[in-house]
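This is what each chain is made of:
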Amino acid sequence: MAEQLTLPPTDDREALYTALLPQVEALVAGESDPVANMANVAAALRVTFGFFWVGFYRVVGEELVLGPFQGPLACTRIGFGRGVCGQAWNERRTLVVPDVEKFPGHIACSSASRSEIVVPVFNRFDPRQVVAVLDIDSDRVNDFSERDREGLERILERIGEKLQHENK
Ligand code: SME
């Protein structure tokens, strides 16, 4: 697969999500290793949208543990129900936080983070179970909308199985 993304010259997020989806699918299609795939998906999202921080936390026992990411250093472990990530895991749904300072319990890995979206990755064999979350932080307040939720959920629906081991 090509190791470069081809993107339209626009800031329109809908157009970018549309262009990105088949390229992300191609990016992970030939690779079975979930860490490699998480790494490239995080990079693709950061390159496409210029987000401040993009990465995955994996469910390991009772905690989320930091996985592949792009951006500044981040906290490594987050408990169930803690912060935006732990809450998205608990509620098993995407959370959009327009202003992190107004989210009770938000975990500030970086003081530059202003808004955040967290999208769960569901177990390929049991869709009620969360196996990881995709966390994206912006340095701008109110940077995420329905468009981002739809675009990111669609990507993870299509390639979620490539972000987890094939046999569990
Ligand atoms: N802000 C997140 C923690 C992870 S960092 O932003 C990378 C949270 O509240 O869960």
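Not measured: the values here are computed from a predicted model.

(A) Molecular detail of the layout of surface pockets. Taken as a whole, the second largest pocket spans an internal volume of roughly 240 Å³. Sorting the residues of the lining of the second largest pocket by element identifies strand 5 (115–122) and helix 4 (146–159) as the ones contributing at least two each. It is strand 5 that provides the largest number of residues to the lining of the second largest pocket, a total of four residues. Of the residues that constitute the lining of the second largest pocket, the class distribution is six nonpolar, three polar and six charged.

(B) Expanded view of the state of the cysteines. Applying the stated criterion across every chain, the model contains one disulfide. Here C75 pairs with C109 through a disulfide, and the sulfurs are 2.2 Å apart. With C75 in the loop between strand 2 (63–70) and strand 3 (77–79) and C109 in the loop between strand 4 (95–97) and strand 5, this pair connects stretches of sequence that are 34 residues apart. Note on C75: relative accessible area 22%, which makes it partly exposed. On the accessibility criterion, C109 (37% relative accessible area) is partly exposed. You can see C85 has no disulfide; the closest cysteine sulfur is in C109, sitting 7.7 Å from it.

Rules used in this analysis
Residues numbered from 1 in each chain as written. Predicted model: local features only at pLDDT ≥ 70, side-chain atom pairs only at ≥ 80, totals over all residues. Heavy atoms only, no water. 1 Å grid on protein atoms, 1.4 Å probe; cavity = no way out; pocket = protein on both sides within 12 Å on 5 of 7 lines; lining within 4 Å. Points joined across faces, edges and corners; volume = space filled by probe spheres on them. Helix = DSSP H or I, 4+ residues; strand = E, 2+ residues; numbered from the N terminus. Nonpolar A, V, L, I, M, F, W, Y, C, P; charged D, E, K, R; others polar. Disulfide = S-S within 2.5 Å. Buried < 20%, exposed > 50% of the residue type's maximum accessible area, 1.4 Å probe, protein only.

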